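# Survey of secondary and tertiary structure
Chain residues, written in single-letter form:
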Amino acid sequence: MDVFQKCYDFKRDLEVKAAGLYPFFKTVEGNFGSRVVIDGKEVVMAGSNNYLGLTRHPKVVEAAIEATRKFGTSCSGSRYANGTYVIHVELEEKLAAYMKKEKALCFTTGYMTNLGAISTLAGRRDIILCDRENHSCIMDATQMTFAETKKYKHDDMQDLERVLEGSDPEAGKLIVSDGVFSMKGIIANVPEMVRLKKKFGMRIFIDDAHGVGVVGEHGRGSAEHHGVEKDVDVVMGTFSKSFAGLGGFIVGDERVISYVKHHSRQLIFAASMTPASVAAVTCTLELIQSEPQHLANLRAVVKKVRGEFRRIGYEIPDRPTPIVYIKVGDDVAAFKFWKDLLEMGVYTNPVITPGVPAGQSGVRASFMAIHTDKDIAQVIECFEKLGKAYGLLK
Ligand SMILES: Cc1ncc(COP(=O)(O)O)c(C=O)c1O
C-alpha cells in the first residue's frame, strides 16, 4: 500500500472548489487595519484576532524595524542555547510584572507554548482535566504526555466535579481550560474551577489566548475578569492576537517556570522568537499599560456590535468578548453564507464540522478596537440582509 494513497484519494477540497465555495487559505493582498484587500477588492476585516488593532501602530512597527536593525532577522538558535537575547529577558520581566506572577517564559508560538508547558507539567501518574471544546493545541498537548486525560462536558462545572469525584485522590491533577473559548467567545467559569481546586487539590492552567489584552479591567484576562488571579496557577497567552506579534508565553511561580524552562522540548529544541516579534510584543505590552484607549475602544466596539446584532434580530448573548458566532446550519450552508458575506464586502471565518457539532456550522466574526462606525454599519447591513435571506433572524 502506498503511504500517499490517502492524498490521491482526498478530493473534498477539489469538490468544494468546483462548487465555487472554497473558503480557506484566502489571500490577503493588502492590510489597512480594519480593511484588507482580497480578490482585488477592499473588504471589512471581521475575522482577525488583532483585537487591540495594534499590528500597524506606528510605535509597534518602528520597534520591530529597530530590533531587526540591531539584532538581525533571526536569533538562529533556541532559548536554551544561543537564542536568548537581552530583549527576550526584558519582555519576560515585563510580562511577569504585568500579569502579577513571579516569572514568565516565552515560546516561539502559542501552539508550542501549550505543547511545551502542558506536556511538561503533567506527567506519569498525573491527571489532566480537559474541557471537551479546548483548543486543538491543548488536545495535542494531552496526547504528548504520559498523564491520563479526562475530558469533561464543555463549560460544565458539575460534570467536572463528577469527573474529579471519580478520580484517584492521590493523583496530581491539572485542569486545563481556554479562558475565553476561541470559537464562541464564552468566558470560562474560573471561580468554580477555583472552588474545585480547593476541594480536590488540583492546579489550574488557563489558556487565555483570547482573554489577555481583551477582558479584565487591565486586560489581564479571564482570571482578572472574575477576580481570581491569585488562585490561577499558570496563565498562558499568545502574542498573535492582542499582542501584535508571533509567539506565546506562560506566567506562574518561579519554580514552575524554571521546571518548564529546563524540561520543555518545544522550548529547548526550537529556535526562539525573532527580534522583530519580541520588540513588537514588548512595545504592545507598554501600549496596553500606557494607552488605555485601545482597550476602551475595543470595549466600545464590542458593546456596539453586540447591540447591533441583537437589534437586527440575531439572538446573541451579552458577553464582553469580541467574538460573535453566527450559527447557519450544515457545512454547505455555512460556506454559502460566508461567501455571500465576502462578496458583499465583509470577511469572516467559516466554522465547520468537526470544529463544531453537525448542523451548527456557521461563521465566526471577530472585532477590533480599530473598527470604525462605518465598518460596523457595513458589517451589520450585510448580516441583516443575509440573516433575512437565510431565515436566521428572530
Ligand atoms: C485558545 C488558543 N490557544 C492557543 C492558540 C495557538 O496560538 P498561536 O496561533 O499564537 O500559535 C490559539 C490560536 O488560534 C488559540 O485560539
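This is a predicted model, so every value here is computed, not measured.

Basis of the calculations
- Residues numbered from 1 in each chain as written.
- Predicted model: local features only at pLDDT ≥ 70, side-chain atom pairs only at ≥ 80, totals over all residues.
- Heavy atoms only, no water.
- Phe/Tyr/Trp six-rings, centres within 6.5 Å; stacked < 30°, edge-to-face > 60°.
- Helix = DSSP H or I, 4+ residues; strand = E, 2+ residues; numbered from the N terminus.
- Buried < 20%, exposed > 50% of the residue type's maximum accessible area, 1.4 Å probe, protein only.
- Near = heavy atom within 4 Å.
- Polar contact = N/O pair within 3.5 Å; in protein donor to acceptor, adjacent residues only side chain to side chain.
- Areas by Shrake-Rupley, 256 points an atom, 1.4 Å probe, with all protein chains shown as cover.
- 1 Å grid on protein atoms, 1.4 Å probe; cavity = no way out; pocket = protein on both sides within 12 Å on 5 of 7 lines; lining within 4 Å.
- Sits in = over half its atoms within 2 Å of the grid points.
- Nonpolar A, V, L, I, M, F, W, Y, C, P; charged D, E, K, R; others polar.
- Contact = heavy atoms within 4.5 Å.
- Pairing = 2+ DSSP bridges.
- Points joined across faces, edges and corners; volume = space filled by probe spheres on them.
- Core = buried A, V, L, I, M, F, W, Y, C linked by side-chain atoms within 4.5 Å.
- Domains from an automatic or database assignment.
- Salt bridge = Lys/Arg side-chain N within 4 Å of Asp/Glu carboxyl O.

## Let's talk about the packing of aromatic side chains
Under the counting rule described, the total for this entry stands at 13 aromatic pairs. When the centroid spacing of 6.0 Å and the interplanar angle of 80 degrees are considered together, the rings of Tyr314 and Phe383 count as edge-to-face. Here Phe383 lies in helix 15 (residues 373–389) and Tyr314 lies in the loop between helix 13 (293–311) and strand 11 (323–329), a separation of 69 residues in the sequence. Here Tyr314 and Phe383 have matching classes, each one buried. Ring geometry for Trp338 against Tyr347: centres 6.3 Å apart, planes inclined by 85 degrees, an arrangement best described as edge-to-face. Comparing Trp338 with Tyr347, the two get one shared label, buried.

## Some thoughts on the site of the ligand
If you check the shell around the ligand, you find 14 residues, and the closest are Tyr111, Asp207, His210, Ser240 and Lys241. In this structure, an oxygen atom belonging to the ligand sits 3.0 Å away from a main-chain N or O atom of Gly110. Within the side chain of Asp207, one N or O atom sits 2.6 Å away from a nitrogen atom of the ligand. With the chains in place, 85% of the 390 Å² that the ligand exposes on its own is no longer accessible. When each cavity is represented as a set of grid points, the ligand is found to reside in the largest pocket. Taken together, the residues that form the shell around the ligand break down as three nonpolar, eight polar and three charged.

## Focus: helix 7 (residues 157–165)
Every buried residue of helix 7 is accounted for by Met157, Asp159, Leu160, Glu161, Val163 and Leu164. Its buried side turned inward, helix 7 meets strand 5 (126–131), strand 6 (148–152), strand 7 (172–178) and helix 8 (190–200). Capping the start of helix 7, Asp156 holds a side-chain oxygen 3.1 Å from the backbone nitrogen of Gln158, two or three residues further along.

## Observations regarding the sheet that holds strand 1 (residues 28–31)
Spatial ordering of the open sheet is given by 1-2-3-12, a layout of four strands whose pairing is mixed. Single-partner strands in this sheet number two, and they are strand 1 and strand 12 (346–347). Bridge analysis of strand 3 (residues 41–45) against strand 12 gives two bridges, and the strand direction is parallel. Opposite Val44, over in strand 12, you have Val346 as the bridge partner.

## Overview of the environment of Tyr51
Position of Tyr51 relative to the elements: it lies in the loop between strand 3 and helix 3 (58–71). Note on Tyr51: relative accessible area 0%, which makes it buried. Note: C-alpha distance between Tyr51 and Phe249 (198 residues apart in sequence) is 18 Å. In this structure Tyr51 touches His210, Val214, Lys241, Ser242, Leu298, Pro322, Ile323, Arg364, Ser366, Phe367, Met368 and Ala369, once residues within four positions along its chain are discounted.

## As for empty space enclosed by the protein
Under the defined criterion, the tally for this structure stands at one cavity of 30 Å³ or more. In this structure, the largest cavity occupies an estimated 40 Å³ of space. Surrounding the largest cavity, Met99, Lys101, Arg220, Ala223, Glu229, Val232 and Val235 form its lining. Across the lining of the largest cavity, the residue classes tally to four nonpolar, no polar and three charged.

## With respect to the nonpolar core
Core analysis: the largest hydrophobic core is formed by 63 residues, its most contacted members being Leu91, Leu129, Leu160, Met193, Phe239 and Phe249. For this core, the leading source of residues is helix 12 (residues 275–290), giving eight residues. Mapped onto the domain boundaries, this core takes at least three residues apiece from domain 1 (5–51 + 292–389) and domain 2 (58–290). Those residues within four positions of Phe239 in sequence are excluded, and the remaining contacts are Leu91, Leu95, Cys106, Ala244, Gly245, Leu246, Gly247, Gly248, Phe249, Met273 and Val281. Residues Val301, Val346, Tyr347 and Cys382 belong to the second largest nonpolar core, which totals 32 residues.

## What to know about the domain arrangement of the protein
Structurally, the protein comprises domain 1 (5–51 + 292–389) and domain 2 (58–290). The centre of domain 1, based on its C-alpha atoms, is set 27 Å off from the matching centre of domain 2. The interface formed by domain 1 and domain 2 holds zero salt bridges in total. Where domain 1 touches domain 2, the interface holds five residue pairs in polar contact (both at pLDDT 80 or more). Looking at the side of domain 1 that touches domain 2, the elements with two or more residues in it are helix 13 and strand 11. The element contributing the most residues to the side of domain 1 that touches domain 2 is helix 13, with four residues. Split into classes, the residues belonging to the side of domain 1 that touches domain 2 amount to nine nonpolar, five polar and three charged.

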